[in-house]
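Single-letter residue listing:
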Amino acid sequence: MATILVPTANLTSRRTASLMVLLGLYALTGFSGVLAEQGFEKYIALLVGATVFSSAIVIFAYFLGFGLGAWGIAALTRRGRIRRPLVTYGVLELLVGASCVAFTYGFHPLSSHLVQFQSLDDSALEKFAVRFAFGAILILPSAALMGASFPLIAQVLAQAPERDNKQSGSSWVAAYGANLLGASAAALGGAYAILPAIGVRGAMWLCGGIGVVVFAISLILPEPTSRNVARGTGGAAVASIDGKALLLATALLSGLVFFALEVLWTHLIATLLGASVYAFASMLAVVLIGLFLGSLRAGRTTEPVSLAAFSKVLGWSALLLIVQFRLWDYIQIAFLTQIPEWMKSFYTVEGFKFLLAALLIVPSAALLGTLYPMLLRHPALSRPGAFYFVGYLNMANSAGCLAGAILGVFFFIPVLGSEWSIKVIVVALALTGALFLWREQLPRNVLLKTLIPGVLLFGYAMTWHWDHLLLTSGQNTYFGKPDKPAAPPKPGDEGAKSVGVVFFEEHAQGGFTTVVQLDYATLPTKRMLLSNGKFEGTDDLESQGFAQIAFASIPSQFTQDFGRALQIGLGTGQSVHTLARLGFGAVDIAEYAPGIVHASSRWFQNVNGNVLAEPNVRLRLEDGRNFVQLAPAHSFDVISIEITSVWFAGATNLYSREFYEMAKSRLKRGGALQQWVQFHHTQPRELGVQIATLRSVFRYVSVWSSGGQGMMVATDHPQELTAARRAYLAQRLTSLSNIPESRQTFLEAQVFDSRLLSPAAVDRLLGQAAYGINTDHNRWIEYATPRYNWIDDDGGAANLAWLKSFADLPR
């Protein structure tokens, strides 16, 4: 029989092409997984609020699902039940895409039923448990399907006839890296291109399309042969794994440490990059890029996989985390850099922030990111039939990620705080590395030479502490603009004798809350309330005090009763104080940040009159949208919304058509809604969308400008101010504790004479152009409004002139 010789070059080329196609498919899987994760988190935020807990639920469900999926595939593979792993992988990816599409259409109808399982009177723990379980159950099916993908790809690569067992480990590392590369592209591309263009629902449809593509290609590609397939308990192909307990423990440890750190980094990133969707996308991207670089290092290193190698990784990771710790506050100084005018744009500003985040996070993330792929190259996994164990490694790693996320959210941040949490993790990494080194049974003098310098360095690092004023200085908010706003004052203003932090609190919800006090030589002391360095309010009446009074007073001109009011967002408490003085029988406050509550009640009593202690005022530590959803129909006469910025991630939850429909159903007949609207650092198109969205739900909408701030007032009845109501409100305003008699006339003008556009003028504005509607499914405002923060001219005057061009002509 003649032997057919296949040219080696052609065979190698086909093998390489086959491998590249598989890696490309798994990169698509990573892209789809992270894009879906962003979509899931946007929807879950509607359920639990735009807080750290929305991220916690998605992470919990993702890694629980990943672990279950990996465990299931590993068990089936070990029993020899999966004969066609490539097609199985394609079918599961098709189901992942279908589940993403089904989720976006089923979320609102299903979440509406959640109301019957909780009430406003439930404890915070009870409400969170219900929401946590509900959200996790919704995401878990998709996550379990995603978790099955890597063990299946590992089986496909291990069974490829052109690859021997020793090559499987490097192929698995390459697949792992390809998945991370796709995930990194989705983290950046999702936020900067896909979600702004097609919205969250469109992104979920894209995930569905990717599932179809992966499934189709999996049908076209040849299925690998059954070489080294495990044949179950009766076969001999199931390999025994030496040291599997240590391998599983190391996989769990790597996931635990990394995701505990990721929670801390996400928590801290608002102080560095701000709180926009782009900031959190950059944070996610640099973490994934770090993991990708770690996979490259693990795949290319020639160092044997051993305890000594793990010890070296852990020790250097601890050292890099010390460097990172030292930079978290001092890196704020980098924002003093001025970008040349010809280079300045939204993308260059965001690019600079991205580079700072990468400088901080990528080195330690890349080094820690080598641990798990190193395990895939362990000699124990190179035996025939050992590839099933990849599923168990993936399960252990997912369990570690889940444990790390839970520790970060529920222990490290609330109990230790981020500063001490990083220090504890550094010590834990160093001790674990020392333990691994000890198990290698090295000579005592080698151990001492290795450990003594580390102990001295770590001991010295434990004495370091962050400068709270620098850490929360908010330099990122005004980065790119040569001239900072003159009011409200910022730390370092000329004329201040001293600037100091008199209040500092850190919470998982709300992040870092600070009160900065400025003492002047000839002026009264001023205090500013900051959240992650972003200005929230001041006790300076001339700065924003009149606007805060107007937020409560202007909608009160048009309500038919003064029974019950709701204030979303506490701030300094000036607006709540105003509602209470206007004569509302009951005032509810929805504020999700404990630090804001504590700062307001302790340091701003001069403007809020200690209103939180009044018997008819009730504070709820609750996201505003959730509070409205849980309130019975027709509960409020006035709903006043005063949040920190429209461009914050999650703020769109209070600017969507679905929220306005919900709020309208909670207003009593003759009630009024007030919505703060940002005039500065925005454009007419963004203003038009906000006005059009509110007008799509309410019949009458007017636009006001008071105390330098904008607001919209919405009702379903004509907005007519009677002389009797004006006299009543004017008399009530005199009871405010911080308004001198000399400023009373000015205050009345800010309240009664500050309307820019009547309802008729608003309709005229909306009639001259077609403005889009902001919804829960497109979240357009969330992606459009942050793009103008860097502009030198804040655009406030131009926007006011544009609005006034539609005003009613004087009679």
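Here is what the cut-offs are and how they apply
- Residues numbered from 1 in each chain as written.
- Predicted model: local features only at pLDDT ≥ 70, side-chain atom pairs only at ≥ 80, totals over all residues.
- Heavy atoms only, no water.
- Patch = residues over 30% accessible without salt bridge, like charges linked within 9 Å, V, L, I, M, F, W, Y side chains within 5 Å.
- Areas by Shrake-Rupley, 256 points an atom, 1.4 Å probe, with all protein chains shown as cover.
- Salt bridge = Lys/Arg side-chain N within 4 Å of Asp/Glu carboxyl O.
- Helix = DSSP H or I, 4+ residues; strand = E, 2+ residues; numbered from the N terminus.
- Buried < 20%, exposed > 50% of the residue type's maximum accessible area, 1.4 Å probe, protein only.
- Expected span 1.5 Å × (residues − 1).
- Phe/Tyr/Trp six-rings, centres within 6.5 Å; stacked < 30°, edge-to-face > 60°.
- Lys NZ or Arg CZ within 6 Å of the ring centre and 35° of its normal.
- Bend = angle between axes of the 7 residues up to and from the residue.
- Pairing = 2+ DSSP bridges.
- Lys, Arg positive; Asp, Glu negative; His and termini not counted.
- Charge placed at Lys NZ, Arg CZ, Asp CG, Glu CD.
- Axes fitted to C-alpha atoms, helices over the stretch in contact; angles between N-to-C directions.
- Contact = heavy atoms within 4.5 Å.
- Disulfide = S-S within 2.5 Å.
- Parallel < 35°, antiparallel > 145°, perpendicular 65-115°, else oblique.
- Left-handed = near helix turned anticlockwise from the far one by under 90°.
- Nonpolar A, V, L, I, M, F, W, Y, C, P; charged D, E, K, R; others polar.
- Core = buried A, V, L, I, M, F, W, Y, C linked by side-chain atoms within 4.5 Å.

J.: It is not clear to me how a nonpolar patch on the surface should be interpreted in this structure. Could you clarify?
T.: Taken together, the side chains of Leu407, Phe411, Val415, Leu416, Trp420 and Val424 define a hydrophobic patch exposed on the protein surface, amounting to about 480 Å² of accessible area. Structurally, the position occupied by Trp420 is in helix α12 (residues 389–439). Of the residues examined, Trp420 reaches a relative accessible area of 40% and is grouped as partly exposed.

J.: Looking at this structure, how should I read helix α8 (residues 277–300)?
T.: For the α-helix, the turn length of 3.6 residues means that residues three or four positions removed from each other point alike. In a regular helix each residue adds 1.5 Å, so 24 residues correspond to 34 Å; α8 covers 35 Å between its end C-alpha atoms and thus fits that length. Across the 24 residues of α8, 17 count as buried, placing the element largely inside the fold.

J.: What should I look at first to understand the packing of aromatic side chains in this one?
T.: Any pair of aromatic rings gets described here by the distance separating the centres and the angle formed by the planes. What the rule picks out here adds up to 32 aromatic pairs. Ring geometry for Trp802 and Phe806: centres 5.5 Å apart, planes at 80°, overall edge-to-face. For the residue pair Trp802 and Phe806, the accessibility class agrees, reading buried in each case. In textbook terms, an aromatic cluster arises when at least three aromatic residues are bridged by ring pairs, as seen for Phe40, Tyr43, Tyr62, Phe63, Phe66, Phe103, Phe107, Phe258, Phe259 and Trp265. Its end group placed over the ring of Tyr105, Arg201 keeps NZ or CZ at 4.0 Å from the ring centre. The cationic tip of Arg743 hangs over the ring face of Phe746; the distance from NZ or CZ to the ring centre is 4.3 Å.

J.: Just checking my understanding: could you explain unusual backbone geometry for this structure?
T.: Glycine aside, residues mostly have negative phi, and peptide bonds are mostly found in the trans state. In the Ramachandran plot, Asn610 falls in the positive-phi region, its phi being about 55° despite a non-glycine side chain. In this fold, Asn610 is placed in the loop between α18 (605–608) and β7 (617–620). Backbone geometry places His681, a non-glycine residue, at a positive phi of 50°.

J.: Explanation requested: helix α10 (residues 346–368) in the structure shown.
T.: For α10, built from 23 residues, the straight-helix expectation of 33 Å at 1.5 Å per residue is met to within 8% by its first-to-last C-alpha distance of 32 Å. The largest bend in α10 is about 40°, located at Ile361, with the proline Pro363 one to four residues further on.

J.: I tried to follow the pairing of strand β4 (residues 534–538) on my own but got confused; where do I start?
T.: In summary, the side chains of a regular strand alternate between the two faces of the sheet. When you tally the buried positions in β4, you get five out of five residues, the bulk of the element. One ladder, built from four bridges, connects strand β3 (residues 526–531) with β4; its direction is antiparallel. Note that in β4 the partner of Met528 across the bridge is Thr538. In sequence, β3 turns back onto β4 through a hairpin of two residues, with Asn532 there showing a positive phi of about 55°.

J.: I would appreciate a short explanation of a positive patch on the surface in the present structure.
T.: A cluster of basic residues, Arg78, Arg79, Arg81 and Lys244, forms a positive patch at the surface. Residue class for Arg79 comes out partly exposed when judged on its relative accessible area of 48%.

J.: Is there a simple way to explain the sheet that holds strand β6 (residues 586–590) in this structure?
T.: Within a sheet, adjacent strands bond to each other through the backbone by hydrogen bonds, running parallel or antiparallel. If you trace the eight strands from one edge of the open sheet to the other, you get β7-β6-β5-β8-β9-β11-β10-β12, paired in mixed fashion. The open sheet is flanked by β7 and β12 (755–757), the only strands paired with a single partner. With strand direction ignored, the average angle separating the axes of adjacent strands in the sheet is 20°. The sheet contact formed by strand β8 (residues 636–641) and strand β9 (residues 667–677) spans five bridges and is parallel. Across the sheet, residue Ile639 finds its bridge partner in β9, namely Leu673. Running at roughly 65° to β12, helix α26 (residues 796–804) makes contact with β10 (700–706) and β12 of the sheet.

J.: It is not clear to me how the pattern of salt bridges should be interpreted in this structure. Could you clarify?
T.: Opposite charge on two side chains makes pairing possible when the charged atoms of those side chains draw close. Inspection of the entire model under this criterion finds 17 salt bridges. One salt bridge in this structure joins Lys42 and Glu782, with 3.5 Å as the shortest N-O distance. Taken together, the residues Lys42 in helix α1 (residues 8–48) and Glu782 in helix α25 (residues 780–784) connect sequence positions 740 residues apart. Accessibility assignment for this pair places Lys42 and Glu782 in one class, buried. Of the charged contacts, one joins Arg743 and Glu542 as a salt bridge, the two residues approaching to 3.0 Å between their closest N and O atoms. Of the two residues, Arg743 is situated in the loop between α22 (723–733) and α23 (744–752) and Glu542 in helix α15 (residues 541–556); the sequence distance between them amounts to 201 residues.

J.: Which parts of the structure should I look at to understand the side chain of Ser282?
T.: Locating Ser282 in the fold gives a position in helix α8. With relative accessibility at 1%, the residue Ser282 sits in the buried group. Among all residues touching Ser282, those that are not within four sequence positions of it are Tyr192, Leu273 and Phe354.

J.: Explanation requested: the environment of Ala175 in the structure shown.
T.: Among the structural elements, Ala175 can be located in helix α6 (residues 165–220). By relative accessible area, Ala175 is classed as buried at 0%. Sequence-distant contacts of Ala175, that is, excluding residues within four places in its chain, are made with Leu23, Tyr26, Phe150, Ile153 and Leu157.

J.: What is the right way to read the environment of Ala260 from this model?
T.: The topology assignment puts Ala260 in helix α7 (residues 244–273). Residues Ala260 and Ala405, 145 residues apart in the sequence, show an inter-C-alpha distance of 5.2 Å. Every residue in contact with Ala260, bar those within four places of it in the chain, is listed here: Gly404, Ala405, Phe412 and Ile425.

J.: I tried to follow the state of the cysteines on my own but got confused; where do I start?
T.: In a disulfide, the sulfur atoms of two cysteines are covalently bonded to one another. Tallied over the full model, the rule gives zero disulfides. With no disulfide partner, Cys100 has as its closest neighbouring cysteine sulfur the one in Cys207, 4.7 Å distant. Classification of Cys100 by relative accessible area gives buried; the value is 0%. Under the relative-accessibility criterion, Cys207 is labelled buried at 1%.

J.: Teacher, can you tell me more about the packing of helix α21 (residues 684–695) against helix α24 (residues 759–767) here?
T.: The axes of two packed helices give the description: the angle between them and the distance between them. One way to put it is that α21 packs onto α24 with a least axis distance of 10 Å and a crossing angle of 120°. The angle between α21 and α24 falls in the class oblique. Handedness of the crossing formed by α21 with α24: left-handed. Two secondary-structure elements touch here, α21 through Gly688, Ile691, Ala692 and Arg695 and α24 through Val762, Asp763 and Leu766. Its residues placed into classes, the contact of α21 with α24 shows four nonpolar, one polar and two charged.

J.: Sorry if this is basic, but what is going on with the nonpolar core here?
T.: Side chains that are nonpolar tend, in soluble globular proteins, to be buried together. Counting 160 residues, the largest nonpolar core has Phe40, Trp172, Trp265 and Trp328 as its most contacted members. Looking at this core element by element, the count peaks at 19 residues for α6. In contact with Phe40, other than residues within four places in its own chain, are Val58, Tyr62, Cys100, Phe103, Ile139, Ser142, Met146 and Met204. One finds Phe551, Tyr655, Leu694 and Val703 within the second-largest nonpolar core, a separate group that totals 90 residues.

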